[in-house]
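Residue strings, one per chain:
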Amino acid sequence: MPVELTLHKAAEELRRGDLAGVLSARQRVAGLVGTYPQRLDLRERLAEVYRVLGQPAQAGRWTYLSEDRDPEELLAFERAYRRADARLVALSWQGRVDEAPTETARTRLAALYLEARVELQHELEATPNEETSWGACLVVMAGGTFVLVCFLLGIVTLVQFLWKLVS
């Protein structure tokens with residue numbers, strides 16, 4: 001279905017005002033955003049649907065790259081996705097920063113990528129030495145092995161029990 005027709009159907013569903021219509025509109029517009037992630041107008045339409053649903057964090061998510069955005073929605077989005085890398089994933093941006101259609105979107109994407117890089121660098125610097133990391137891995141592996149052995153013993157016991165019932 002062409003983009004404009006899909007948007008028209010979504011607008012009709014929103015005008016109906018019932019929950020089923022709004023959810024259908026959300027699905028339609030979200031599908032368009034997934035197909036055309038670089039179209040900011042589609043992202044803004046999805047934000048409109050989330051406003052109707054009373055979800056400011058999602059509205060802020062989809063207007064994050066827009067020229068005009070609501071500060072309260074932006075704050076709600078940043079609270080819901082506290083880390084920059086989580087916000088990047090949530091934005092569902094596909095492509096390079098320089099492929100963003102506006103200077104505002106390019107600037108915001110670049111700043112978010114930089115923030116995520118700085119967060120990651122701080123984490124790497126704060127990570128204890130490799131010996132501690134290997135020790136943690138060994139503890140996790142030992143715990144996993146214990147769970148696996150218990151599971152296998154349970155299966156063997158169950159099979160033996162069922163065998164006695166059948167015999």
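Residues numbered from 1 in each chain as written. Predicted model: local features only at pLDDT ≥ 70, side-chain atom pairs only at ≥ 80, totals over all residues. Heavy atoms only, no water.

Okay, the pattern of salt bridges next. Pairs may arise between side chains of opposite charge once their charged atoms sit close together. Following the criterion strictly, the structure yields 10 salt bridges and no others. Linking Asp85 and Arg83 is a salt bridge whose minimum nitrogen-to-oxygen distance equals 3.0 Å. For Arg87, the salt bridge identified is with Glu115, shortest N-O distance 2.8 Å. You can see Arg87 sitting in helix H6 (residues 84-91) and its partner Glu115 sitting in helix H7 (residues 103-126), a full 28 residues away along the chain. What makes Arg87 buried here is its relative accessible area of 3%. Ionic contacts of the salt-bridge type, sharing partners, join the residues Arg83, Asp85 and Glu123 into one network. (Salt bridge = Lys/Arg side-chain N within 4 Å of Asp/Glu carboxyl O. Helix = DSSP H or I, 4+ residues; strand = E, 2+ residues; numbered from the N terminus. Buried < 20%, exposed > 50% of the residue type's maximum accessible area, 1.4 Å probe, protein only.)

Where nonpolar side chains cluster on the molecular surface, the patch consists of Leu148, Phe151, Leu152, Ile155 and Val159 and spans about 480 Å² of accessible area. The topology assignment puts Val159 in helix H8 (residues 130-166). (Patch = residues over 30% accessible without salt bridge, like charges linked within 9 Å, V, L, I, M, F, W, Y side chains within 5 Å. Areas by Shrake-Rupley, 256 points an atom, 1.4 Å probe, with all protein chains shown as cover.)

Counted by the stated rule, this structure contains two aromatic pairs. Considering the side-chain rings of Tyr64 and Phe77, the 5.4 Å spacing of their centres and the 65 degrees angle between planes classify their relative orientation as edge-to-face. With Tyr64 in the loop between helix H4 (56-62) and helix H5 (71-80) and Phe77 in helix H5, the pair connects residues that are 13 residues apart, well separated along the chain. By relative accessible area, Tyr64 is classed as buried at 7%. Seen from their ring centres, Phe77 and Tyr81 are 5.2 Å apart, and the 45 degrees between their planes marks the pair as tilted. Three or more aromatic residues joined by ring pairs form one cluster here, namely Tyr64, Phe77 and Tyr81. (Phe/Tyr/Trp six-rings, centres within 6.5 Å; stacked < 30°, edge-to-face > 60°.)

Among the structural elements, Glu73 can be located in helix H5. Sequence-distant contacts of Glu73, that is, excluding residues within four places in its chain, are made with Arg51, Pro56, Ala57, Ala59, Gly60 and Thr63. (Contact = heavy atoms within 4.5 Å.)

In this section: the packing of H6 against H7. For the pair H6 and H7, interaxial distance at closest approach is 8 Å and the crossing angle is 140 degrees. When the interaxial angle is binned, H6 and H7 end up oblique. Along the contact surface, H6 presents Ala84, Asp85, Arg87, Leu88 and Leu91, while H7 presents Leu109, Leu112, Tyr113, Glu115, Ala116 and Glu119. Classifying every residue of the contact of H6 with H7 by side-chain character gives seven nonpolar, no polar and four charged. (Axes fitted to C-alpha atoms, helices over the stretch in contact; angles between N-to-C directions. Parallel < 35°, antiparallel > 145°, perpendicular 65-115°, else oblique. Nonpolar A, V, L, I, M, F, W, Y, C, P; charged D, E, K, R; others polar.)

By themselves, these are just geometric observations and shouldn't be taken as functional.
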